[in-house]
Amino acid sequence: QVQLVESGGGLVQAGGSLKLSCAASGRTFSSLNMGWFRQAPGKEREFVAAISRSGGNTDYTNSVKGRFTISRDNVKNTAYLQMNSLKPEDTAVYYCAAAFTLLSKVVFTERNEYNYWGQGTQVTVSS
């Protein structure tokens, strides 16, 4: 079992920045692909970013490329999402997700590829 706890959400003006954190426990963190998803009201939960076990590979949805950066610290057992140049359309509940894998370079991008989920943190970007 893996437990994930997100933090760092809040209210920010358009153009501002936030950094989300996801603290993981319960399993060897370095065995987990880590991802971030978001869900806006009335919308499906969508992929935002993911990072491979050792951090060597990442993937992002097109709408956040160049603005968001996913990273991880395998000593602190924590994943991060640095969000810059935020837009109102980034407003959503952001969820941390983890997927156990034996493959060191894989980066999962689909909801059904993830086994564990945090409870989410609200990010609101005002105009």
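Residues numbered from 1 in each chain as written. Predicted model: local features only at pLDDT ≥ 70, side-chain atom pairs only at ≥ 80, totals over all residues. Heavy atoms only, no water.

1. Considering the overall build of the protein chain
The line we're drawing: Here a strand is any run of E in DSSP of at least two residues, a helix any run of H or I of at least four, and the numbering for each starts at the N terminus. Our radius of gyration looks at C-alpha atoms and nothing else; its globule reference is 2.2 Å times the residue count to the power 0.38. Only protein chains enter the calculation, and the probe is 1.4 Å; a residue is then buried if its accessible area is under 20% of its type maximum, exposed if over 50%, and partly exposed in between. When checking whether two residues touch, look at their non-hydrogen atoms; a contact exists if any pair is within 4.5 Å. All accessible-area figures derive from a Shrake-Rupley calculation using a 1.4 Å probe, and residue coverage is judged against the displayed protein chains alone. Charge counting treats Lys and Arg as positive and Asp and Glu as negative, with His and both chain ends excluded. Lysine's charge is taken at NZ, arginine's at CZ, aspartate's at CG and glutamate's at CD.
Counting its secondary structure elements, the protein chain contains zero helices and eleven strands. Reading the helices (α) and strands (β) of the protein chain from amino to carboxyl end gives β-β-β-β-β-β-β-β-β-β-β. In terms of overall size, the protein chain behaves like a compact globule, its C-alpha atoms giving a radius of gyration of 13 Å where 127 residues would be expected to give roughly 14 Å. Dimensions of the protein chain, computed from the C-alpha atoms along their principal axes, are close to 45 × 25 × 25 Å. Here the protein chain, with 127 residues, has 43% of them falling under the buried criterion. Across the protein chain, contacts joining residues at least 24 apart in sequence account for 61% of those joining residues at least 6 apart. Just so you have it, the protein chain exposes about 6300 Å², and 45% of that area is on carbon and sulfur atoms. Put simply, the protein chain has 13 plus and 9 minus side-chain charges, and the middle of one group is 5 Å from the middle of the other.

2. So, the sheet that holds strand E1 (residues 3-7)
What counts is decided by this rule: What makes two strands pair is DSSP finding at least two bridges between them. Interaxial angles span 0 to 180 degrees and are taken between N-to-C directions of axes, which are lines fitted to C-alpha atoms, for helices over the stretch in contact.
What the four strands build is an open sheet, ordered E1-E3-E8-E7; its pairing is antiparallel. On the outer flanks of this sheet lie E1 and strand E7 (68-73), each paired with one strand and no other. For this sheet, the mean angle separating the axes of adjacent strands, direction not counted, is 15 degrees. Both E1 and strand E3 (residues 18-25) contribute to a ladder of five bridges, which runs antiparallel. Across the sheet, residue Leu4 finds its bridge partner in E3, namely Ala24.

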